[in-house]
Amino acid sequence: MFCQVVFPLPFKNAFTYSIPDELKDALEVGVRVVVPFGKRILTGFVVEISKTTDVKEKIKPVRDVLDENPIFDKDSLKFYEWISEYYLSSLGEALRNSVPYGTDIESKRKIVSDKEYCGKLLSQETKKTSLRFKLLTALSQKDVFTISQLQKDVKNKNIYSSLRSFEKIGAVSLLDEISTAKVRVKKIKHVEIAKPADEIYELMPEIEKKSSKQVVLLLELLSNKEPIALSELLKKTNTASSVAGSLEKKNIVRIFDKEVERSYSETYKEKEKEFDLTLPQKKIIERIGEATDKKIFETFLLHGVTGSGKTQVYIELAKKVIAEGKSIIILVPEISLTPQITSRFFNHFENLTAVLHSRMSLGERYDSWRGIIAGKSRVVIGPRSALFAPLKNIGLIVVDEEHDSSYKQQDIAPKYHARDAAIILARFNKCPVVLGSATPSVDSMYNALSGKYNLLELTERVDNAKLPVIKLVDVTIEKKKKQMESIFSRDLLDEIGKRLKKKENVIILQNRRGFATQIFCNDCGEVVTCPDCSVSMVHHLNKNILRCHYCGIVKPVPKACPLCGSLGLKFFGTGTQRVEDELDFYFPDVKIERVDSDAINKKGKLGEILNSFGKGEIDILVGTQMVSKGLDFANVTLVGVVAAETSLWIPDFRADERTFQLLTQVSGRSGRSEKEGEVIIQTQNQKHFVLQKVLMNDYKGFYENEIALREQFEYPPFIRIALIEIKDEREDRTKAAAKDFFEYLSKFGKGLKISPPTEAVIYKIKGSFRFQILIKSHKKYDPSGKSIRTAILNSLIEFNQKSRYRDVKLIIDVDPQSII
């Protein structure tokens, strides 16, 4: 027997391995296997099994099988094949999403150097700019390196031939070490009685003569019908482990390893509320329910204003799907939405609910994933990665806040969009998919209005709540009137004061982290920038450091200008830390809490903050876009926006759309009960059409204006786009590689609109220079995007075969959410 195995690596081929007799029963399509790959050991996915093979070379055997149950079957494999084909990745890279991080086994190559010998060889080198000189410098200073560490130190990836030459003369040793999985099943020692209770009582007098502590331990065990954890038993009885060990030797008790589940517990808690569904909610549930009953694929766009009860619609639909014996996936855009929606689903479905997200520990995520495979969980909630949960019999998929850009994978291949992939997954599972939002993406609304999706609307808030009154404050005019207090207008401060007197809550949005976003020299004009990225360093007041928000590098705050030595440094820009600091000055007796990725990096911290905010223990919540989505607190009556322009001025075709969505969403946090809400938005350009549409809560007007601009300037949804990013640590190589790839694209991309290579807006990130090529294909002539993908694939093959810069990194992004 033979199996075809794919790896989470950037090549398309599947590789053939023989199946040893002892593994034949355990090996099936959908399990992971440990196999030799060249000189390495890797974990791969089995995608096919056959009795024969056409491979003539020597075939290596599978070493081990990692999974008891398959992660995917032949039907669900089709979904991963679509992901890899559409987003131009390998099948193995797509399948990598199906398993939690830390469960793979692989070998890592280590370099062990003879420091003295390397130092001696270094002293003989004359050319200080050579790769050999750089390698020997590093190897003479440290004993052990990984390949990637050494490549990073010398800023060159092509080090293998030099290392082999050093190995031949004994300067280094290259070792392959097999690393085990970072996470595995957790087992804890448990204790139980090994004899009938009657026999134990007969033995008691004799045992008591020798050890009274053994009796105490036995009595505790007899009072527990179930096995008890050894550590818990010893703590309860105040005895040592040797006491239990002695009883085990006498065969009176049995000590054994028992698997325990690491359950994720959300720190945010919410009492279950009874809701009377509105008539529009009932009609929507009935309409979507028809599709779940008939087991047919349909896409529904649920456009409901903020506070219209979309979450309750999801819960009612989930009840229906669960009652029919099926399962459901609920996608939320990021961690900030998870606490409240998770709490509400746990209230209804208890242990049937599983959560999957990055704030969970590796063990919690692994056990949650295993529970889904075993069929214990039938409701899965999480961000984009939850789409790949190994659920069976899916009856409904919900994508909440479908417009959110965090549904797009930005970091690794495949760069999938979870909303679009969810629609395809629903099609394969013959079930409906619901896309919910108060501010649907322009693409989704266009698809709904053109008949591709079914449009459902909730136009009013529940519980007779009214939409908040929105007010724009032009800070340029307020400055002239001398009505500004630092970063706040007098209007905003007065309204905050009024709300606090009434014991009502306030949310303040500033979509930038840190204290000051720039440090500027007043004498020479120098801005302190990151040495590895072409962006300014951000001042973080709480630790008094400068941090780059792109690569994470940290530097001390300079006492003088690094260029001219002047002491005239000024701090410009406003981040959430400064907003918090200024509010603390104006309202010293008020409890203020900040919600951004710096403040909630500790597990469970967000849930704790939201608990306190809901109880009224926190008066003002300051945050980035995290506070704009999903938060539902009845006592919030004022939302303030410090600067509306943070996203409006970004040179990206979706900048207007994102700004409208962000401001409308954060406005929706105010007045979600019988108390009237207000929103004050500070701006430098109150006449901008986006802000005017936010002011009037006019989604329809915004959409009509935006869709006309998209058609005029040839952008989605009329055009399909792909972005090729070319990056390298050497500027000349990046530019030359971009030129080569553009020439190949021009050769294969007949009928496509291909822009010449240009420097990216942020030209340098993490030490790598960036060029971009934008490709456009009209959907009228290329509806599936096949032309654009074929041109990129053919160009990639030719580039890898012919270009002298083939080792320069190319990143392919189909349907990018941003072109920065």
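If you're wondering where the values come from, they're calculated on a predicted model, not measured in any experiment. (Residues numbered from 1 in each chain as written. Predicted model: local features only at pLDDT ≥ 70, side-chain atom pairs only at ≥ 80, totals over all residues. Heavy atoms only, no water.)

Enquirer: How should the overall build of the chain be read in this particular structure?
Expert: Helix and strand counts for the chain stand at 25 helices and 36 strands. For 820 residues, the compact-globule estimate of 2.2 N^0.38 gives 28 Å, and the C-alpha radius of gyration of the chain, at 30 Å, lies within 12% of that figure. Taking the principal axes of its C-alpha atoms as reference, the chain extends roughly 90 × 75 × 65 Å. Looking at the chain residue by residue over its 820 residues, the buried ones come to 54%. Only carbon and sulfur atoms are counted for the fraction: they give 49% of the accessible area of the chain, which is about 39100 Å². Within the chain, the 110 negative side-chain charges are centred at a point lying 4 Å from the centre of the 129 positive side-chain charges. (Helix = DSSP H or I, 4+ residues; strand = E, 2+ residues; numbered from the N terminus. Rg over C-alpha atoms; globule rule 2.2 N^0.38 Å. Buried < 20%, exposed > 50% of the residue type's maximum accessible area, 1.4 Å probe, protein only. Areas by Shrake-Rupley, 256 points an atom, 1.4 Å probe, with all protein chains shown as cover. Lys, Arg positive; Asp, Glu negative; His and termini not counted. Charge placed at Lys NZ, Arg CZ, Asp CG, Glu CD.)

Enquirer: What's the story with the pattern of salt bridges in this structure? I'm lost.
Expert: Side chains that differ in charge, positive against negative, can pair when their charged atoms come close. Within the structure shown, the criterion is met by 52 salt bridges. A salt bridge links D598 to R513, with the nearest nitrogen and oxygen atoms 2.9 Å apart. Of the two residues, D598 sits in the loop between β28 (592–595) and α20 (605–615) while R513 sits in the loop between β22 (505–509) and β23 (518–521), which places them 85 residues apart along the sequence. Of the residues examined, R513 reaches a relative accessible area of 22% and is grouped as partly exposed. Between D698 and K693 there is a salt bridge, with the nearest N and O atoms lying 3.4 Å from each other. Salt bridges sharing common partners tie together D443, R654, E657, E706 and R710. (Salt bridge = Lys/Arg side-chain N within 4 Å of Asp/Glu carboxyl O.)

Enquirer: Can you walk me through the packing of helix α3 (residues 115–124) against helix α4 (residues 131–139) in this structure?
Expert: When two helices pack together, their arrangement is given by the angle between their axes and by how far apart the axes lie. Packing of α3 against α4 brings their axes to within 8 Å, and their N-to-C directions diverge by 145°. The element α3 and its partner α4 pack so that their crossing is left-handed. Residues K115, C118, L121 and L122 of α3 form the contact with α4, whose participating residues are F133, L136, T137 and L139. Taken together, the residues that form the contact of α3 with α4 break down as six nonpolar, one polar and one charged. (Axes fitted to C-alpha atoms, helices over the stretch in contact; angles between N-to-C directions. Left-handed = near helix turned anticlockwise from the far one by under 90°. Contact = heavy atoms within 4.5 Å. Nonpolar A, V, L, I, M, F, W, Y, C, P; charged D, E, K, R; others polar.)

Enquirer: Sorry, what's going on with the sheet that holds strand β25 (residues 545–547) here?
Expert: The pairing of strands in a sheet happens through backbone hydrogen bonds and is either parallel or antiparallel. If you walk across this open sheet you meet the three strands as β24-β25-β26, and the pairing is antiparallel. If you trace the sheet from one side to the other, it starts and ends with β24 (538–540) and β26 (554–556), each paired once. Averaged over all adjacent pairs, the angle separating strand axes in this sheet is 35°, with direction ignored. By the bridge criterion, three bridges tie β25 to β26 in an arrangement that is antiparallel. Each residue of the ladder has a partner; that of I545, found in β26, is P556. (Pairing = 2+ DSSP bridges.)

Enquirer: Explain unusual backbone geometry to me, please; I cannot follow it from the model alone.
Expert: The bulk of non-glycine residues show a negative phi, and the bulk of peptide bonds are trans. P414 follows A413 through a cis peptide bond whose omega is -5°. Tracing the backbone through its elements, the reader meets P414 in the loop between β16 (394–400) and α15 (418–429). Of note, the phi angle at K482 is positive, near 60°, even though the residue is not glycine. Looking at where K482 falls in the secondary structure, it is placed in the loop between α17 (475–480) and β20 (484–485). Its relative accessible area of 73% is what places K482 among the exposed residues. Backbone geometry at N544 places phi at a positive 50°, although glycine is not the residue there.

Enquirer: Can you help me understand the pairing of strand β31 (residues 678–683) in this one?
Expert: Successive side chains on a regular strand alternate, one facing one side of the sheet and the next facing the other. The element β31 is largely enclosed, with a buried count of six among its six residues. Of the two faces of β31, the one carrying E678, I680 and Q682 and the one carrying V679, I681 and T683 are both buried. Two elements, strand β30 (residues 636–641) and β31, share four bridges in a ladder whose sense is parallel. Bridging from a neighbouring strand, V641 pairs with I681 of β31. One crossover worth recording links β30 to the parallel β31 by way of helix α21 (residues 655–667), and it is right-handed. (Right-handed = clockwise from strand over helix to strand, strands pointing away.)

Enquirer: How do you make sense of helix α11 (residues 279–294) when you look at a structure like this?
Expert: At 3.6 residues per turn, the α-helix brings residues three or four places apart onto the same side. When the terminal C-alpha atoms of α11 are compared, their 23 Å separation across 16 residues agrees well with the 22 Å that a helix rising 1.5 Å per residue should span. At its buried positions, α11 is contacted by β12 (299–304), α12 (310–323), β16, β17 (433–437) and β18 (454–458). Once α11 finishes, K295 follows within two positions and takes phi at roughly 55°, a positive value. (Expected span 1.5 Å × (residues − 1).)

Enquirer: Any chance you could explain the state of the cysteines here in plain terms?
Expert: Counted by the stated rule, this structure contains zero disulfides. Of all cysteine sulfurs, the one in C561 lies closest to C524, which takes part in no disulfide; the gap is 3.6 Å. For C551, which is in no disulfide, the shortest distance to another cysteine sulfur is to C530 and amounts to 3.6 Å. (Disulfide = S-S within 2.5 Å.)

Enquirer: What is the right way to look at a negative patch on the surface in this model?
Expert: On the surface, a cluster of negative charge is contributed by E272, E274, D276, E350, D463 and E674. You can see E272 is positioned in the loop between β11 (253–259) and α11. Relative accessible area serves as the criterion here: at 44%, E272 is assigned to the partly exposed category. (Patch = residues over 30% accessible without salt bridge, like charges linked within 9 Å, V, L, I, M, F, W, Y side chains within 5 Å.)

Enquirer: Would you mind going over the packing of aromatic side chains with me for this structure?
Expert: Aromatic rings considered in pairs are described by the distance between their centres and by the relative angle of their planes. Overall, the coordinates contain 29 aromatic pairs when judged by the stated rule. Considering the side-chain rings of W82 and Y87, the 5.8 Å spacing of their centres and the 90° angle between planes classify their relative orientation as edge-to-face. Assessed through its relative accessible area of 2%, Y87 is described here as buried. Cluster of aromatic residues (ring-pair linked, three or more members): F45, F72, F79, Y80, F388 and Y416. The ring centre of F145 lies 4.9 Å from the NZ or CZ of K142, which sits over that ring. (Phe/Tyr/Trp six-rings, centres within 6.5 Å; stacked < 30°, edge-to-face > 60°. Lys NZ or Arg CZ within 6 Å of the ring centre and 35° of its normal.)

Enquirer: Teacher, can you tell me more about a nonpolar patch on the surface here?
Expert: A cluster of nonpolar side chains, V112, V144 and L175, forms an exposed patch at the surface whose accessible area comes to about 190 Å². Tracing the chain through its elements places V112 in strand β6 (residues 106–113). Residue classification places V112 among the partly exposed positions, given a relative accessible area of 30%.

Enquirer: What's the story with helix α19 (residues 576–586) in this structure? I'm lost.
Expert: Within α19, the full set of buried residues consists of T576, Q577, R578, V579, E582 and L583. Against β21 (488–489), α18 (490–501), β22, β24, β28 and β29 (620–623) lie the buried residues of α19.

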